[in-house]
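# Inside the fold
Spelled out, the chains give:
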Amino acid sequence: MSVEIGQLLPREAYLSAPDQVAPMLLGKLLVRRLRGQMLLGRIVETEAYFGINDPAAHAFSGRTARTEVLYGPPGHAYVYTIYGMHACLNVSCEPEGLAGCVLIRALEPVEGLAEMAMHRGLHEPTLLTSGPGRLCQALGITRAGFNGVDLTSADSEVQIRGDGWAPAEIAITPRIGVNKAAERMLRFTVAGHACVSKGRYWKPPL
DNA sequence: AAGCGGATCGTCT
DNA sequence: GACGATCCGCTTG
């Protein structure tokens, strides 16, 4: 048995509204078990998406086959394909019946960097997992393999754990790449961290 | 340093 | 039939 890192986040951690869960997840560890090895990254950037109140959210237009996991119990992976080629990882939150999720946008790669570099086809550490599509590629997370997976189970190949580390300062900005509800301050980052995604759509103030 | 467009396809109108 | 919660490479200044 491999030595486990930190403590698995319980389902109750995801019961709150997404704008509460998103900052809470900063500093937590995203753990991917793959072919007997462990790929590990610290979450440094998240975004909150609500349900029917949030025009930018997939759940906005109601319950469909695609958004089913968003309406299910909290703590499960919602993985979708964007622009036909990239996977993005979300964690469902709020009680069953209410849609809401947190998009994991960037990690600081901690362990398994060589394997991540293989998946990504490059080795610059700040480019391995700094973006929602990038981190899924680095960790080998696909929609087919992981949509609906329980992230709170010790048996899952993707888990979220806490080791007690928390950011000294959190910076809050508008969400990246959304055209609707673009003014809402729902993106949370570890202030000043080198692995936060740059994003072509948002510039830091002066 | 910043801006553009292409790749590529599931989902919803 | 259009449009993305993106990424990358190429162009321009």
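A short tour of the structure in this document, coming up. (Residues numbered from 1 in each chain as written. Chains lettered and ligands numbered in written order. Predicted model: local features only at pLDDT ≥ 70, side-chain atom pairs only at ≥ 80, totals over all residues. Heavy atoms only, no water.)

This part takes up the overall build of chain A. Each helix and strand in chain A was counted, giving six helices and nine strands. Computed over its C-alpha atoms, the radius of gyration of chain A comes to 16 Å, within 12% of the 17 Å expected for a compact globule of 206 residues. In terms of its C-alpha atoms, chain A occupies a principal-axis envelope of roughly 45 × 40 × 35 Å. Relative to its full complement of 206 residues, chain A shows a buried share of 51%. (Helix = DSSP H or I, 4+ residues; strand = E, 2+ residues; numbered from the N terminus. Rg over C-alpha atoms; globule rule 2.2 N^0.38 Å. Buried < 20%, exposed > 50% of the residue type's maximum accessible area, 1.4 Å probe, protein only.)

A few words now on the layout of surface pockets. Taken as a whole, the largest pocket encloses approximately 1,000 Å³ of empty space. Only β3 (37-49), β4 (77-82), β5 (86-92), β6 (101-111) and α5 (132-139) provide two or more residues apiece to the lining of the largest pocket. Split by residue class, the lining of the largest pocket holds 21 nonpolar, twelve polar and seven charged. (1 Å grid on protein atoms, 1.4 Å probe; cavity = no way out; pocket = protein on both sides within 12 Å on 5 of 7 lines; lining within 4 Å. Points joined across faces, edges and corners; volume = space filled by probe spheres on them. Nonpolar A, V, L, I, M, F, W, Y, C, P; charged D, E, K, R; others polar.)

Moving on to the nonpolar core. Membership of the largest hydrophobic core comes to 40 residues, with the highest contact counts inside it found for Y14, L25, L30, L89, I104, I141 and I160. Those residues within four positions of I160 in sequence are excluded, and the remaining contacts are Q7, L8, L9, Y14, L25, K28, L29, L30, I43, V91 and L151. If you look at the next biggest cluster of nonpolar residues, it comprises 14 residues, including A59, A99, C101 and L103. (Core = buried A, V, L, I, M, F, W, Y, C linked by side-chain atoms within 4.5 Å. Contact = heavy atoms within 4.5 Å.)

With that out of the way, let us pick up unusual backbone geometry. You will see that Y83, though not glycine, has its phi angle at about 55°, which is positive. The residue Y83 is located in the loop between β4 and β5 in this model. Under the relative-accessibility criterion, Y83 is labelled exposed at 65%.

What surrounds DNA strand C is a group of 21 residues, the closest being Y80, Y83, N90, G133 and R134. Here DNA strand C approaches the protein such that, of its atoms within 4 Å, sugar and phosphate make up 49%. At 2.8 Å from a base nitrogen of DNA strand C is found a side-chain nitrogen or oxygen belonging to Y80. One nitrogen or oxygen atom from the side chain of R120 is found 2.8 Å from a phosphate oxygen belonging to DNA strand C. Secondary structure elements with two or more residues in the surface near DNA strand C: β4, β5, β6 and α5. (Near = heavy atom within 4 Å. Polar contact = N/O pair within 3.5 Å; in protein donor to acceptor, adjacent residues only side chain to side chain.)

Moving on, we come to the pattern of salt bridges. Summed over all chains, the structure comprises nine salt bridges. Between D163 and R42 there is a salt bridge, with the nearest N and O atoms lying 2.9 Å from each other. A residue pair is termed long-range when its members are at least 10 positions apart, and D163 in the loop between β7 (158-162) and β8 (170-173) and R42 in strand β3 qualify at 121 residues. The class for R42 is buried, based on a relative accessible area of 13%. R105 is paired through a salt bridge with E45; the nearest N and O atoms lie 2.7 Å apart. Remark: E45 occurs in strand β3 and R105 occurs in strand β6; sequence separation between them is 60 residues. Among the residues examined, E45 registers a relative accessible area of 0% and is labelled buried. (Salt bridge = Lys/Arg side-chain N within 4 Å of Asp/Glu carboxyl O.)

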